[in-house]
Amino acid sequence: MVLAGLLSASAAALIPWALAEPVANAEQGAFLGVSAMLVGRQVLDPVLARRLYDALVAQDAAFPANVRALLALINAQGLQAAGLQEALDALAPAQSPLAALPRQIASAWYLGIVGTGEAAVCVAYEQALNAAVVADVLKPPTYSYGAYGSWARKPI
């Protein structure tokens, strides 16, 4: 309980609005704190956050511990989003699992896809940040404008 309180406080120190989002545990709090910093958003959809977090944990059981370690490193070194990846790439090999986390988290939020290749899982489409960023001008296609199969090439 003390650890959960300390991690929540550290997330709040990093990102003042982190306490405004409901979280089930300290791991999700750390994920939301790091996510908000990486994607540059003060408000993140809590339902999508939970789905992304669950998908990331399903792909890597060490994900929660790595996110907590990343948040602790960010707080300890006072890192900002702009220089975070460069600082992580310069870390010792023992901390190398942390270097992939910003890319994983940002990719999950912006593309709505967790994982790569055969292990890729689509978690969000319309709610992914790549659609939200341009939502004032563009709308992602959510359905076909023609009859069923009209978007596909006709059979020979």
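Residues numbered from 1 in each chain as written. Predicted model: local features only at pLDDT ≥ 70, side-chain atom pairs only at ≥ 80, totals over all residues. Heavy atoms only, no water.

Colleague: Before we go on, may I ask you to explain the overall build of the protein chain in this structure?
Modeller: Secondary structure summary: the protein chain contains seven helices and two strands in total. Ordered by position in the sequence, the α and β elements of the protein chain form the string α-α-α-α-α-α-β-β-α. In the protein chain, the share of contacts with a sequence separation of at least 24, taken over all contacts with a separation of at least 6, comes to 49%. Split by element, the accessible area of the protein chain, about 9400 Å² in all, is 62% carbon and sulfur. (Helix = DSSP H or I, 4+ residues; strand = E, 2+ residues; numbered from the N terminus. Contact = heavy atoms within 4.5 Å. Areas by Shrake-Rupley, 256 points an atom, 1.4 Å probe, with all protein chains shown as cover.)

Colleague: How should I be thinking about the pattern of salt bridges in this particular structure?
Modeller: Scanning the entire structure with this criterion turns up two salt bridges. Residues D54 and R50 are paired through a salt bridge, measuring 3.2 Å at the closest nitrogen-oxygen approach. Within this pair, D54 and its partner R50 are both found in helix α3 (residues 46-59), separated by four residues, close to a single helical turn. Between D89 and R103 there is a salt bridge, with its nearest N and O atoms 3.6 Å apart. Of this pair, D89 sits in helix α5 (residues 81-89) while R103 sits in helix α6 (residues 101-111), and the two are 14 residues apart along the sequence. A relative accessible area of 48% means that R103 is categorised as partly exposed. (Salt bridge = Lys/Arg side-chain N within 4 Å of Asp/Glu carboxyl O. Buried < 20%, exposed > 50% of the residue type's maximum accessible area, 1.4 Å probe, protein only.)

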